[in-house]
Amino acid sequence: AQSVTQLGSHVSVSEGALVLLRCNYSSSVPPYLFWYVQYPNQGLQLLLKYTSAATLVKGINGFEAEFKKSETSFHLTKPSAHMSDAAEYFCAVSEDTGANNLFFGTGTRLTVIP
Amino acid sequence: GAGVSQTPSNKVTEKGKYVELRCDPISGHTALYWYRQSLGQGPEFLIYFQGTGAADDSGLPNDRFFAVRPEGSVSTLKIQRTERGDSAVYLCASSLKGPYNEQFFGPGTRLTVL
């Protein structure tokens, strides 16, 4: 069975500072991993995904994530936070079992302080 | 092109009533998913359709919940004898077939059971 743990339900950073949002996964088979962002009153939007190609994945809006099998982690980073990055971020895992549904973490709310 | 649409955007009903929530996926997407997002939680998988058939309904909480997709496009999630605990945002997503394909999410239907 697969699951995702996101450490820190709330993260605050200053504008221009490094953003680090943590995600650890549990999966019995090689996983597919995703980061989604949810802006207020909007639907979930894909930031990036890992599908067993390069372990360092680059996404939209300057975000990237690194798949580390030894640590079962897929942390999301951005070198310099922007005010527009304030949102809820969800890590999710999927397995190639046929259904392909996503298992989401509980989310991390990012606040950017001017 | 048009994204995933869901109607209604908000639904308020009384305990014990029947409700239907509609999802219109992106044209050409054979996979369709329903998720439920409770306050402060990540989306939780309910059911997955591949074409017209429900390929995996293991996430439906009980037999009061049912979903159909008769023509392989629009889907309807049906909830009988609603309970206050059913209050949540119901999300629909669609994708091309395959676990690594991006799921595109609709804006959701916020269901409130009084």
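See above for the structure.
The following refers to the structure shown. Note that this is a predicted model, so its numbers are computed, not measured. (Residues numbered from 1 in each chain as written. Chains lettered and ligands numbered in written order. Predicted model: local features only at pLDDT ≥ 70, side-chain atom pairs only at ≥ 80, totals over all residues. Heavy atoms only, no water.)

With that settled, consider the overall build of chain A. Within chain A one finds zero helices and twelve strands. Listing the helices and strands of chain A from first to last along the sequence gives β-β-β-β-β-β-β-β-β-β-β-β. Taking 114 residues into account, the globule formula puts the C-alpha radius of gyration at 13 Å, and chain A, at 14 Å, falls close to it. Viewed in the frame of its principal axes, chain A has a C-alpha envelope of about 45 × 30 × 20 Å. Burial status across chain A gives 46% buried among its 114 residues. Long-range contacts, defined here as pairs at least 24 residues apart, represent 56% of the contacts in chain A between residues at least 6 apart. Surface exposure of chain A reaches about 5300 Å², of which carbon and sulfur atoms provide 52%. Seen as two clouds, the 7 positive and the 8 negative side-chain charges of chain A have centres 2 Å apart. (Helix = DSSP H or I, 4+ residues; strand = E, 2+ residues; numbered from the N terminus. Rg over C-alpha atoms; globule rule 2.2 N^0.38 Å. Buried < 20%, exposed > 50% of the residue type's maximum accessible area, 1.4 Å probe, protein only. Contact = heavy atoms within 4.5 Å. Areas by Shrake-Rupley, 256 points an atom, 1.4 Å probe, with all protein chains shown as cover. Lys, Arg positive; Asp, Glu negative; His and termini not counted. Charge placed at Lys NZ, Arg CZ, Asp CG, Glu CD.)

A word on the nonpolar core. If you look at the biggest cluster of nonpolar residues, it comprises 27 residues, and the most contacted ones within it are A:Trp35, A:Leu47, A:Leu48, A:Phe74, A:Leu76 and A:Tyr89. For this core, the secondary-structure elements that each account for two or more residues are strand S2 (10-14), strand S3 (19-21), strand S5 (32-38), strand S6 (44-50), strand S8 (64-68), strand S9 (73-78), strand S10 (87-94) and strand S12 (108-113) of chain A. The leading source of residues in this core is S10(A), at four residues. Listed in part, the 20 residues of the second largest apolar core include B:Leu21, B:Phe65, B:Leu77 and B:Tyr90. (Core = buried A, V, L, I, M, F, W, Y, C linked by side-chain atoms within 4.5 Å.)

The next thing to look at is the interface of chain B and chain A. Taken together, the 20 residues of chain B in the interface contact 21 residues of chain A. Together, the buried faces of chain B and chain A total about 1600 Å²; carbon and sulfur atoms form 57% of this surface. Along the contact surface separating chain B from chain A lie three residue pairs in polar contact (both at pLDDT 80 or more). Elements represented by at least two residues in the side of chain B that touches chain A include exactly strand S4 (31-37) and strand S5 (44-50) of chain B. Of all the elements, S4(B) adds the most residues to the side of chain B that touches chain A, at three residues. In terms of residue class, the side of chain B that touches chain A is made up of ten nonpolar, eight polar and two charged. (Buried area = accessible area lost by both parts, 1.4 Å probe. Polar contact = N/O pair within 3.5 Å; in protein donor to acceptor, adjacent residues only side chain to side chain. Nonpolar A, V, L, I, M, F, W, Y, C, P; charged D, E, K, R; others polar.)

By themselves, these figures tell us nothing about what the structure is for.
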